[in-house]
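Structure assessment
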Amino acid sequence: MYIFGYGSLINRASRQRTGQTGAAIPAEVEGLQRHWGKVDGSYAISPLVASLGEGRCNGVLLKVEDHFLGHFDQRERGYQRVELDPARILQDELLSFDAPVWVYVKANPAPPCDQQPIMQTYVDTVLAGCLSISDAFARTFVETTSGWHHPLENDRESPKYGNLAGVEAAHLPCIDRLVHRSRKLF
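The text that follows walks through the structure, step by step, so that each part is easy to find. Numbers given for residues are sequential positions, taken from 1 along each chain in its written order. The model is predicted, so local features are restricted to residues of pLDDT at least 70 and side-chain atom pairs to those at 80 or more, both for listing and for counting; the totals for chains, interfaces and linings are taken over all residues. Computation of side-chain values: all heavy atoms of the structure, hydrogens and water removed.

By definition, any uninterrupted DSSP run of H or I lasting at least four residues is a helix, any uninterrupted run of E lasting at least two residues is a strand, and each is numbered from the N terminus. Structurally, the position occupied by His171 is in helix α5 (residues 171-183). Along the sequence, His171 and Gly129 sit 42 residues apart, while their C-alpha atoms lie 9.9 Å from each other. The contact criterion used is simple: two residues touch if any of their non-hydrogen atoms lie within 4.5 Å. Residue contacts for His171: discarding those within four places in its chain leaves Ala128, Leu131 and Gly166.

What follows concerns the pattern of salt bridges. Side-chain pairing between opposite charges can occur once the charged atoms of the two side chains come close. A carboxyl oxygen of Asp or Glu within 4 Å of a side-chain nitrogen of Lys or Arg is what we treat as a salt bridge. According to the stated counting rule, one finds seven salt bridges in the structure shown. A salt bridge links Glu76 to Arg75, with the nearest nitrogen and oxygen atoms 3.6 Å apart. Summarising the burial analysis for this pair, Glu76 and Arg75 share the class buried. In this structure, Arg156 and Asp176 form a salt bridge, with 2.7 Å as the shortest nitrogen-oxygen distance. Highlighted residues: Arg156 in the loop between β9 (152-153) and α5 and Asp176 in helix α5, separated in sequence by 20 residues. Burial here depends on accessible area, computed with a 1.4 Å probe over protein chains only, as a share of the maximum for the residue type. Under 20% is buried, over 50% is exposed, and the range in between is partly exposed. Residue Asp176 is classed as partly exposed on the basis of its relative accessible area of 35%. Overlapping salt bridges, with partners in common, bring together Glu28, Glu30 and Arg56 in one network.

For the rest of this paragraph, the subject is the pairing of strand β2 (residues 24-36). In summary, the side chains of a regular strand alternate between the two faces of the sheet. Strand pairing is assigned whenever DSSP identifies at least 2 bridges connecting the two strands. Across 12 bridges, β2 lies against strand β3 (residues 48-63) in antiparallel orientation. Bridge pairing in β3 places Arg34 opposite Ala50. The pairing of β2 with strand β5 (residues 89-90) spans two bridges and is classified as antiparallel. Counted as the bridge partner of Val29 is Ile89 from β5. As judged from the two bridges shared by β2 and strand β8 (residues 145-146), these two strands associate in the parallel manner. Its bridge partner lying in β8, Arg34 is registered against Thr145.

See below:
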């Protein structure tokens, strides 16, 4: 089976903290809208969430063995795992989907607030993963994610995001430029 990762699962080092996957294949899904939002009270931060509906979302397709799916379900607690229609998936590898493609969604999440803000180390993890694919992939990620105007806490000196991984010092100036450009629009 496959998981479509649209947030921290884009980052190889972060997803390996949960379980082994096959190669990450860049893709876009039509009918999936990504934004910043609260999942539930067990999260101290507001992570990325996606909702079915209008929009297009880039991310990666991850081949996952059956025995690892429960680990990813635990990581994505508070989300609902739903099956994607392969006809809505655009990718260059021309994969033949002979198994389900899952995505973790959250309908009607509350927006981030000062008590559950967007965390910089979460942003860093996701964008480091995007940059490992390409600069254009990272720009598309930022441009197709709603909610950059919500509270953001810079926790780089004392990280609060539990799956922080794969972020190098060389990534930070590029990440800061990408995020600054999006946040200044508001």
